[in-house]
Structure formats: structure tokens, C-alpha cells
Amino acid sequence: MSVVPRLMTLADLSGPQINRLVNHAHHLKHLSLPWLAPQQATKKKNNLRMPSQSLFNKSIALLFSKRSTRTRMAAETAAVLLGGRALFLGSSDIQFGVNESPRDSARVIGGMCEGIFARVGAHEEIEELARYSPVPVLNALSSFWHPTQVLADLLTLHEHAHLFSPDTPAPSPTKPLPPLRPLTIAYVGDSANVLHDMLVTYPRLGHKVRVATPPQPQYNPPKPVWDRVVELGCDKHIVWSNDPREAVKGADVVVTDTWISMGQEAEKAQRLTDFAGYQITETLCREGGANPDWKFLHCLPRKQDEVDDEVFYSSRSLVFPEADNRKWTIMAAFDLLFGKWDITGEKTLKGGE
């Protein structure tokens with residue numbers, strides 16, 4: 001029997017494999033969008049090509065211990081487009097983490113579904129699920145990693161590559177994604193799961209990463225995360241400081257995330273004090289020497305403390321295309337991992353799928 005594939009972090013994939021996933025998301029997006037258009041286009045739909053139906057008659061378990069808007073909606077709608085069904089299993093719906101171990105839950109859920117998309121607390125939980133599941137497991141978020149968010153960010157950046165290089169054409173539904181020139185990507189905020197997958201991904205794709213976190217040790221990456229960064233050689237292309245202005249120097253893209261993750265509410269007052277001066281503003285980026293045409297990303301939900309309205313709702317902001325792209329990159333991961341058991345590209349996709 002084939003080894004059951006899984007995806008815990010983008011550190012598990014090579015640079016070309018990550019690019020393959022992003023390009024596959026672009027392909028599925030433009031196959032799917034005409035099918036979602038208003039019914040006036042019905043006659044034209046007779047000539048349309050269907051997106052992959054690799055999940056036909058299959059069920060995907062959405063095992064969510066934490067609340068979600070984008071991840072849940074993306075997963076449920078993506079599964080439908082692939083011909084399957086997503087079963088939402090919230091923390092109050094099933095026995096996982098209450099009266100049943102991750103090992104036993106993995107076996108039971110994997111005996112009835114063809115994939116597990118798990119959004120958990122401690123990373124050890126999803127590792128145990130993946131160890132004992134008879135079907136593929138995809139990390140929807142854990143304390144260490146958030147791979148599907150960074151895939152969406154990459155698709156968004158490629159779709160806007162023409163904003164970073166005047167010679168790059170705008171994306172076309174019928175052509176591969178345009179390449180990205182090497183970018184300087186700044187992250188200002190907490191060292192949390194989104195940043196961790198950025199650290200193991202962007203340097204391997206030719207980009208530089210500049211990070212600012214508060215000086216307190218709890219805002220540094222956990223040792224297992226930094227060990228992966230070093231193992232992949234990514235640390236050579238990362239500049240780390242405690243000064244947001246230093247981080248945004250020369251930045252083409254500025255990224256932040258929540259300062260108070262789910263489960264950290266009791267630390268709110270201290271965290272707001274520690275992150276004083278870290279709010280993304282036009283002034284901060286101008287004083288820090290960001291590229292004049294810098295763009296902004298945030299995985300959402302956003303709070304005013306993290307970025308002001310002037311930036312968040314401006315033409316610099318790509319946050320809503322970024323949110324939309326959660327659907328298409330999760331759809332690509334579902335197709336390759338759950339439908340085809342081919343997340344690493346060892347099998348050849350036929351017809352661009």
C-alpha cells in the first residue's frame with residue numbers, strides 16, 4: 001500500500017513543489033470561475049471544462065478545534081467544486097480532545113472520510129493525527145505552522161507581480177502565473193504560525209525576509225521551527241531585529257498578523273504594551289525606507305492596533321484578494337493531497353491538473 005501523504009508545513013515541500021501547488025491553484029481558479037458566474041451564461045457553460053472532480057463521492061473531515069471564517073469557508077466551497085463534501089467537526093461536535101485521543105479519533109475519522117483537514121491548538125495534536133490516520137492529513141493551522149495561508153499569499157503576490165515589475169504582464173486565465181522578481185518581504189509582529197511558514201518558504205523561492213518582533217523571548221520562534229529554518233538554509237536570507245523601521249527597510253511587501261492569537265486573551269494588556277510602535281502605518285513605512293510602492297498583506301481577522309485604516313483600506317492593501325485566494329489554494333491542496341495522493345508531484349498531472 002502507498003505511504004499515506006500529509007502536509008504539516010511548507011517546509012515539507014521543495015521550492016518547485018510549492019510553485020506547482022500555487023500554479024495548480026491558479027489553474028483550478030480559472031477553470032472554476034466561469035461555473036460560478038450568473039446563469040445568463042448557461043449556454044456558454046456547455047463548452048466549459050470542469051475543474052478536477054478528484055473528490056467525487058468523497059468526504060473530507062474539517063476537524064476544527066479553533067474558530068475560523070476564511071479557512072472553513074474555503075474548505076467547504078473547495079470540496080464542492082472538486083465534487084466532494086466537507087463535514088465540519090467543531091470542538092463541541094465530536095469527542096476529539098474530550099473523551100477520545102487523537103490516535104483513536106484519527107482512525108475513526110479516517111475510516112469514514114477520505115481526508116482530514118485539521119485546525120488544532122498544539123502542533124503535537126496534528127502530528128499524532130497524521131501518524132495514525134489511514135488517510136491524508138492537511139494542517140489547517142497549528143501552534144507552529146499555517147501552510148495554506150502562505151500558499152494564498154504566494155498566489156496573491158504572483159497575481160500582482162506586475163505591480164512589482166513594470167515589465168511583467170498582468171495574469172491571464174489561459175497562461176501560467178507570471179513569475180515574481182525577487183522581493184523583500186517584511187514581517188512586523190508576533191512570531192506566530194504564519195510567519196513560521198513564511199520563514200521556511202520565501203527564502204527558498206528567492207526572496208528576502210526582514211522581521212521585527214519585540215525583544216522579549218516569548219516572541220521568538222520555538223526551537224523546532226527555527227531548527228527547520230536552519231536545516232533548510234533559510235536563515236541566511238532572514239534579517240531579524242526588534243525595530244519595525246529596520247524591518248521595513250527596502251520592503252516590497254509588508255505583512256503583519258494578530259498580536260493576540262486565540263488562547264492568548266489573558267495576555268492582551270501585556271501584549272499591547274509589548275507591541276507599542278508596531279502598528280503598520282504610512283508613517284512607519286516611510287520613515288523605515290520601504291519601497292514607495294510597497295503592498296500590504298494580513299491573514300485576517302484584523303484589529304486596528306495592528307494596522308491603521310489608511311493602510312488597510314488603501315490601494316496598497318491586497319488583503320481581500322489574499323482572503324479570496326484561500327479558497328483556490330486550499331482547493332489545489334485538497335485535489336493533490338486528498339484526491340490524488342500526489343502533493344509532492346511524484347505523479348504527473350494530466351492536462352494541467
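Throughout this document, residue positions are counted from 1 along each chain, in the order its sequence is written. Only residues with pLDDT of at least 70 get local features here, since the model is predicted, and only at 80 or more are side-chain atom pairs given and counted; chain-wide, interface and lining totals rely on the full set of residues. The basis for every side-chain value is the complete set of non-hydrogen atoms in the structure, without hydrogens or water.

- Per an unreviewed UniProt entry, the chain carries the name ornithine carbamoyltransferase and comes from Suillus plorans.

### Quick word on the pattern of salt bridges
- Any Lys or Arg side-chain nitrogen located within 4 Å of an Asp or Glu carboxyl oxygen qualifies as a salt bridge. The final tally for this structure, using the stated rule, is 14 salt bridges.
- Of the charged contacts, one joins Glu76 and Arg72 as a salt bridge, the two residues approaching to 3.0 Å between their closest N and O atoms. Highlighted residues: Glu76 and Arg72, both in helix H3 (residues 70–81), separated by four residues, approximately one helical turn.
- Only protein chains enter the accessibility calculation, which uses a 1.4 Å probe; a residue is then buried when its area is under 20% of its type maximum, exposed when over 50%, and partly exposed in between. Judged by relative accessible area, Glu76 falls into the partly exposed class, the value being 27%.
- Given the relative accessible area of 31%, Arg72 is considered partly exposed.
- A network of salt bridges, in which partner residues are shared, links Asp12, Arg228 and Glu231. Each helix corresponds to a stretch of at least 4 residues labelled H or I by DSSP, and each strand to a stretch of at least 2 residues labelled E; elements are numbered beginning at the N terminus.

### What to know about the nonpolar core
- One finds Phe117, Leu157, Met198 and Phe334 to be the most contacted residues of the largest nonpolar core, which totals 64 residues.
- Top contributing element to this core by residue count: helix H13 (residues 319–339), with nine residues.
- Those residues in contact with Met198, other than ones at most four positions away along the chain, are Val150, Ile185, Tyr187, Pro203 and Val255.
- Counting residues in hydrophobic clusters, the runner-up holds 24 residues, among them Val254, Trp294, Val307 and Ala323. Remark: nonpolar core denotes a set of buried residues (Ala, Val, Leu, Ile, Met, Phe, Trp, Tyr, Cys) joined through side-chain atoms within 4.5 Å. Any two residues whose heavy atoms approach within 4.5 Å at even a single point are treated as in contact.

### Some points on the packing of aromatic side chains
- Aromatic rings from Phe, Tyr and Trp, taking only the six-membered ring of Trp, are treated as a pair when their centres fall within 6.5 Å; an angle between ring planes under 30 degrees marks them as stacked, one over 60 as edge-to-face, and anything in between as tilted. What the rule picks out here adds up to ten aromatic pairs.
- Both rings, one in Phe64 and one in Phe117, keep their centres 6.1 Å apart while their planes meet at 65 degrees; by these two values the pair is edge-to-face. Of this pair, Phe64 sits in strand E2 (residues 59–64) while Phe117 sits in strand E4 (residues 115–119), placing them 53 residues apart in sequence. With respect to burial, Phe64 and Phe117 carry one shared label: buried.
- Arranged with centres 5.1 Å apart and planes meeting at 85 degrees, the rings of Phe117 and Phe334 form a pair that is edge-to-face. Here the residue Phe117 occupies a position in strand E4, and Phe334 occupies one in helix H13, the gap between them amounting to 217 residues. Just as Phe117 is buried, Phe334 falls in that class too.
- Feature note: the residues Phe64, Phe88, Phe117, Phe334 and Phe338 constitute an aromatic cluster, connected by ring pairs.

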